[in-house]
Amino acid sequence: MVAHLMELSNLLQRYRGTPAAGSAAWNEAVGLLLLMLAPAAPHITEELWSRLAAARGEEWASIHTQPWPTVDESAAAENEHEVPVQVNGKLRDRVTVPVGIGEAELERLVLARPKVVAALDGKQPLKVIHAGGKLVNIVVR
């Protein structure tokens, strides 16, 4: 947990002093960072939370009485994903496709890719193996 929060902290540090700092998204990110860090570092987060409230002109309230952040599943959902393409077991290309694409459509897209066409070298595929939309392997002789 602490390692991931440090990654977020380091990312925020990169944007410090830029127009992004001080925006609504910035303030939300800092607040969420403090809320998630509070169980591991209660004293320093309490102090930083009080300073944040004072800077905003808000009345002080303990960070430990604040509601835990909720997850917006729709924001985390991916619309596309990357599918590796192999020819005879060797990685030849990667294609980005919409989530839930059908096997026939995926096969059509893959077989039209320039790197795949070059790897096939004019040969017809004997078999196209789909691994649940996570991998496409084309078998040729």
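Shown above is the structure to which this text applies.
So, how was this worked out
Residues numbered from 1 in each chain as written. Predicted model: local features only at pLDDT ≥ 70, side-chain atom pairs only at ≥ 80, totals over all residues. Heavy atoms only, no water. Helix = DSSP H or I, 4+ residues; strand = E, 2+ residues; numbered from the N terminus. Buried < 20%, exposed > 50% of the residue type's maximum accessible area, 1.4 Å probe, protein only. Contact = heavy atoms within 4.5 Å. Pairing = 2+ DSSP bridges. Axes fitted to C-alpha atoms, helices over the stretch in contact; angles between N-to-C directions. Core = buried A, V, L, I, M, F, W, Y, C linked by side-chain atoms within 4.5 Å.

(A) Representation of unusual backbone geometry within the structure. Positive phi values are uncommon outside glycine, yet Asn88 reaches one of about 55°. Along the chain, Asn88 turns up in the loop between β1 (80-87) and β2 (90-98). Take Asn88: its relative accessible area is 43%, and that puts it in the partly exposed class. Despite not being glycine, Asp121 has its phi angle at roughly 55°, a positive value. Judged by relative accessible area, which is 61%, Asp121 ranks as exposed.

(B) Fine view of the environment of Lys134. Structurally, Lys134 is set in the loop between β3 (127-130) and β4 (136-139). For the pair Lys134 and Val85, spaced 49 residues apart in sequence, the C-alpha to C-alpha distance is 9.3 Å. Ignoring sequence-local partners within four residues, the contact set of Lys134 consists of Val83 and Pro84.

(C) Focus on the sheet that holds β1. With mixed pairing, four strands are arranged side by side in an open sheet as β2-β1-β4-β3. Two strands close off the open sheet at either side, each with one partner strand: β2 and β3. Within this sheet the neighbouring strands show an average axis-to-axis angle of 20°, counted without direction. Note: β1 against β4, three bridges, orientation parallel. The residue bridging Val85 from the neighbouring strand is Val136, located in β4.

(D) View of the pairing of β3. Of the pairings in the sheet, the one linking β3 to β4 comprises four bridges and is antiparallel in character. Within the sheet, the bridge partner assigned to Lys127 lies in β4 and is Val139.

(E) Highlighting the nonpolar core. Of all hydrophobic cores here, the largest spans 12 residues; its members are Val83, Val85, Val87, Val95, Val97, Leu106, Val110, Val116, Leu120, Val136, Ile138 and Val140. When contributions to this core are tallied by element, the ones reaching two or more residues are β1, β2, α5 (103-111), α6 (114-120) and β4. Among the elements that make up this core, the one with the highest residue count is β1 (three residues). Excluding anything up to four places from it in sequence, Val136 contacts Val83, Pro84, Val85, Gln86, Leu106, Val110, Val128, Ile129 and His130. Formed by six residues, the second largest nonpolar core is a distinct cluster that contains Leu34, Leu35, Leu52 and Ile63.

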